[in-house]
Amino acid sequence: ELYAATAAYTAIGNQRLETADLLPAPGPLRFPEATAAQPLKGVRIALDPGHIGGTMEFAFLEKKFVQMAKGSRAEITEKVAFNEGNLALGTALLLRDSLEKLGAEVLVTRNQEAHTSFGGTYDDWLMGELKRASAASDIDFTEIKGTGEYGYAIRLRRAAGWNWLREKELTGADSLWWMTAASMRDNYRIPLLRRDFRERARLINAFNPDLTLILHYNILESNEWGPDHNLSAGDKNFSMAFIPGSFMTGELGDAESRMLFLGRLISEDLRQSEELSGNIVEGFAQVLGVPAVDYDTTLNYLRRSSLPTDADGVFARNLSLTRMVHGPLCYGEALYQ
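What comes next is a walk through the structure.

1. Section: the overall build of the chain
When helices and strands are counted, the chain shows 11 helices and 9 strands. Expressed as a percentage of the 337 residues in the chain, the buried residues total 42%. Summarising the internal contacts of the chain: among those between residues at least 6 apart in sequence, 72% fall at separations of at least 24. In the structure as shown, the chain presents an accessible area of about 18800 Å², 54% of it carried by carbon and sulfur atoms.

Spelled out as structure tokens, the structure:
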């Protein structure tokens, strides 16, 4: 009844809001059809491998990579390099195979290195933005000055920026910045990632899973850059997980955000997410030997954006996916890269 009332209120108060995308519709409960061989039969699990990954060049743009130079230690005879996007994807695919053998039905939101959840690479998205901008604008983006790869990059950046400022109806200094100063990383971090997050949430909610696991590997925030422009190896290693909650000032300013907030209040998502995530972080400690992080207020994202829960190493944080994904979830940060 409360769901129907809030849906009706939303339909009246904001015609543009897609209520079905914000609150899960009530339906019959699913119970696992467990057997000895398949104890997870009948369970739906969504896996969301974080970031995009692909080439190390793109990982540098994401700033999610590890690279150890040849000779940095006597034992390292060849350069070692990997990135979080590929590592998370590999983890998700291995986990999918294990869960399916146990009978679970599994969704993975992206299935290929370098690809977004809506298909294609970052470069594919930029080319699409160039075509979209050229079709909708009086500006001929192909005529923007600059030769070779440099000029090509400028045209792509400006086209993506123009689409974003038009979509968000930006004016003045903001619009000028997107047309003249926004970098490849800016276009990745804002227009592309916001679309990618929404598509990940859409795929997961359409799948209607019993639980969702969002897979990430963490980084030691307090690590400092050395004189060689590299980070040093750290002596700390912790695991943690995030669940919905901890809405901050300014994050309830629109109807969609308020509906998502309400959805958490009237469902069991928070309690079940805390229980699920607490068990997973405990598993990290038992299996990996990596302990749960304390509520360390020297970490900015814990001090400024998160609230501790009763489960060790589990914090409420209003991330895009903890906000938009329905049902119990664990946004896991398994250990420090």
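2. Examining the pairing of strand β9 (residues 329–336)
Of all 8 residues in β9, 7 are buried; the element is thus mostly enclosed. In this structure, strand β5 (residues 211–218) lies alongside β9, joined through 6 bridges in parallel fashion. Counted as the bridge partner of Asn218 is Tyr336 from β9. Bridge analysis of strand β6 (residues 240–243) against β9 gives 3 bridges, and the strand direction is antiparallel. By the bridge assignment, Met240 is partnered in β9 with Glu333.

3. As for the pattern of salt bridges
By the definition in use, this model includes 11 salt bridges. The closest approach of N and O atoms between Arg73 and Glu75, which form a salt bridge, is 3.4 Å. The burial state of Arg73 is the same as that of Glu75; both residues are exposed. For Glu268, the salt bridge goes to Arg271, with nearest N and O atoms at 2.6 Å. Connected through shared salt-bridge partners, Asp48, Asp196 and Arg200 make up one network.

What counts as what
- Residues numbered from 1 in each chain as written.
- Predicted model: local features only at pLDDT ≥ 70, side-chain atom pairs only at ≥ 80, totals over all residues.
- Heavy atoms only, no water.
- Helix = DSSP H or I, 4+ residues; strand = E, 2+ residues; numbered from the N terminus.
- Buried < 20%, exposed > 50% of the residue type's maximum accessible area, 1.4 Å probe, protein only.
- Contact = heavy atoms within 4.5 Å.
- Areas by Shrake-Rupley, 256 points an atom, 1.4 Å probe, with all protein chains shown as cover.
- Pairing = 2+ DSSP bridges.
- Salt bridge = Lys/Arg side-chain N within 4 Å of Asp/Glu carboxyl O.

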